[in-house]
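Here's the letter readout for the chains.
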Amino acid sequence: MPPLSASAEPHPEVAAVVSRMRGMTGFRANVSISSSGGALRGVLSFSGGKTHLALSDGRIIASTGRELVVYNPSSGVAGKQLMVPGGGGLGWLLTGFRTRVSGNTAQLESESATSNIQEVRLRWKEGHVLEQLNIKHKNSNDWLSITLSNVRAVDGFPVSLFSYDPPAGSRTVENPLNQSN
């Protein structure tokens, strides 16, 4: 692999992946999430900053872009959190990392020893469509791996998909991150 480049300007290949995923107004993809703690599969739906992820163990993560709801059926608990405006997406990959690109893969290393995310590895398919994102957090040797497959454009989703209501009888915790607005 070539040497790491400084992050003054985002690497054009990484910027192209971020731009491509940002430019997809709506898509659906199969998702595999794995770490040393195990693996989950699911289906991710995304449209204009709104997200719905249904995981194989029944967990649901849904966002209207304004509010995030995370539901865990094994505990019967849902967390509802107002989101920070402008958050989300892959744009965070464009600053604060030294980057090395080879073919359709990139290795990004944090420029800050205090950053929570210390290393990221990307792999993309033709057309700069994200295929895999691996993240290594500070003080950990474990990698979180997120793999997308069967990514397909979708013109529209029902609005209700992103406004998830936990089932009757579940307990909802408002503002579990204890953030003030």
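This write-up is about the structure you can find in this document. Note that this is a predicted model, so its numbers are computed, not measured.

## Topic: the packing of aromatic side chains
Inference 1: Taken as a whole and judged by the stated rule, the model has 4 aromatic pairs.
Inference 2: Residues Y71 and Y164 carry aromatic rings whose centres are separated by 6.1 Å and whose planes lie at 40 degrees to one another, so their mutual orientation is tilted. You can see Y71 sitting in strand β5 (residues 67–72) and its partner Y164 sitting in the loop between β11 (143–153) and β12 (171–174), a full 93 residues away along the chain.
Inference 3: Residue classification places Y71 among the buried positions, given a relative accessible area of 8%.
Inference 4: The buried category is assigned to Y164, whose relative accessible area is 19%.
Inference 5: When the centroid spacing of 5.7 Å and the interplanar angle of 85 degrees are considered together, the rings of F157 and F162 count as edge-to-face.
Inference 6: When its relative accessible area of 4% is taken as the criterion, F162 is described as buried.

## What to know about the sheet that holds strand β2 (residues 38–47)
The pairing of strands in a sheet happens through backbone hydrogen bonds and is either parallel or antiparallel.
Inference 1: Read across the sheet, 12 strands follow the order β7-β8-β9-β10-β11-β1-β2-β3-β4-β5-β6-β12 without closing on themselves; strand pairing throughout is mixed. Each end of this open sheet is capped by a strand with a single partner; those strands are β7 (97–102) and β12. Along the sheet, successive strands turn relative to each other by an average axial angle of 15 degrees, direction set aside.
Inference 2: Relative to strand β10 (residues 129–137), strand β9 (residues 117–125) runs antiparallel, the two being bridged by 8 bridges.

## Details of the environment of V173
Inference 1: Locating V173 in the fold gives a position in strand β12.
Inference 2: C-alpha of V173 to C-alpha of V70: the two residues are 103 residues apart in sequence and 9.9 Å apart in space.

## Here's the deal with empty space enclosed by the protein
Inference 1: The tally for this structure, following the rule as stated, stands at 1 cavity of 30 Å³ or more.
Inference 2: Put simply, the largest cavity is a space of about 40 Å³.
Inference 3: Contributing to the lining of the largest cavity are 10 residues, with P10, H11, L93, L94 and T99 lying nearest its centre.
Inference 4: Across the lining of the largest cavity, the residue classes break down as 6 nonpolar, 3 polar and 1 charged.

## Observations regarding the environment of S63
Inference 1: Its location among the elements puts S63 in strand β4 (residues 60–63).
Inference 2: Judged by relative accessible area, which is 4%, S63 ranks as buried.
Inference 3: Through-space distance from the C-alpha of S63 to that of Q81 is 9.4 Å; in sequence the pair is 18 residues apart.

## So, the pattern of salt bridges
Inference 1: Under the definition given, this model contains 5 salt bridges.
Inference 2: Between R100 and E109 there is a salt bridge, with its nearest N and O atoms 3.8 Å apart. Note on accessibility: R100 and E109 belong to one class, buried.
Inference 3: Between E131 and R123 there is a salt bridge, and its shortest N-O distance comes to 2.9 Å.

## Some words on the side chain of Q107
Inference 1: Position of Q107 among the secondary structure elements: in strand β8 (residues 105–110).
Inference 2: A distance of 3.1 Å separates polar atoms of two side chains, one belonging to Q107 and the other to E119.

## Description of helix α1 (residues 12–23)
Inference 1: Compared with an ideal rise of 1.5 Å per residue, which puts 12 residues at 16 Å, α1 spans 16 Å between its outermost C-alpha atoms and is within 8% of the ideal.
Inference 2: Within the span of α1, buried status applies to V14, V17, V18 and M21. All buried residues of α1 project into a common sector of 95 degrees when viewed along the axis, lining one side. Exposed residues on α1 whose side chains face more than 90 degrees from its buried face are P12 and G23.
Inference 3: Each element contacted by the buried residues of α1 is listed here: β1 (26–35), β7, β8, β9, β10 and β11.

What counts, and where the lines are drawn
- Residues numbered from 1 in each chain as written.
- Predicted model: local features only at pLDDT ≥ 70, side-chain atom pairs only at ≥ 80, totals over all residues.
- Heavy atoms only, no water.
- Phe/Tyr/Trp six-rings, centres within 6.5 Å; stacked < 30°, edge-to-face > 60°.
- Helix = DSSP H or I, 4+ residues; strand = E, 2+ residues; numbered from the N terminus.
- Buried < 20%, exposed > 50% of the residue type's maximum accessible area, 1.4 Å probe, protein only.
- Pairing = 2+ DSSP bridges.
- Axes fitted to C-alpha atoms, helices over the stretch in contact; angles between N-to-C directions.
- 1 Å grid on protein atoms, 1.4 Å probe; cavity = no way out; pocket = protein on both sides within 12 Å on 5 of 7 lines; lining within 4 Å.
- Points joined across faces, edges and corners; volume = space filled by probe spheres on them.
- Nonpolar A, V, L, I, M, F, W, Y, C, P; charged D, E, K, R; others polar.
- Salt bridge = Lys/Arg side-chain N within 4 Å of Asp/Glu carboxyl O.
- Polar contact = N/O pair within 3.5 Å; in protein donor to acceptor, adjacent residues only side chain to side chain.
- Expected span 1.5 Å × (residues − 1).
- Arc of directions from axis to C-beta.
- Contact = heavy atoms within 4.5 Å.

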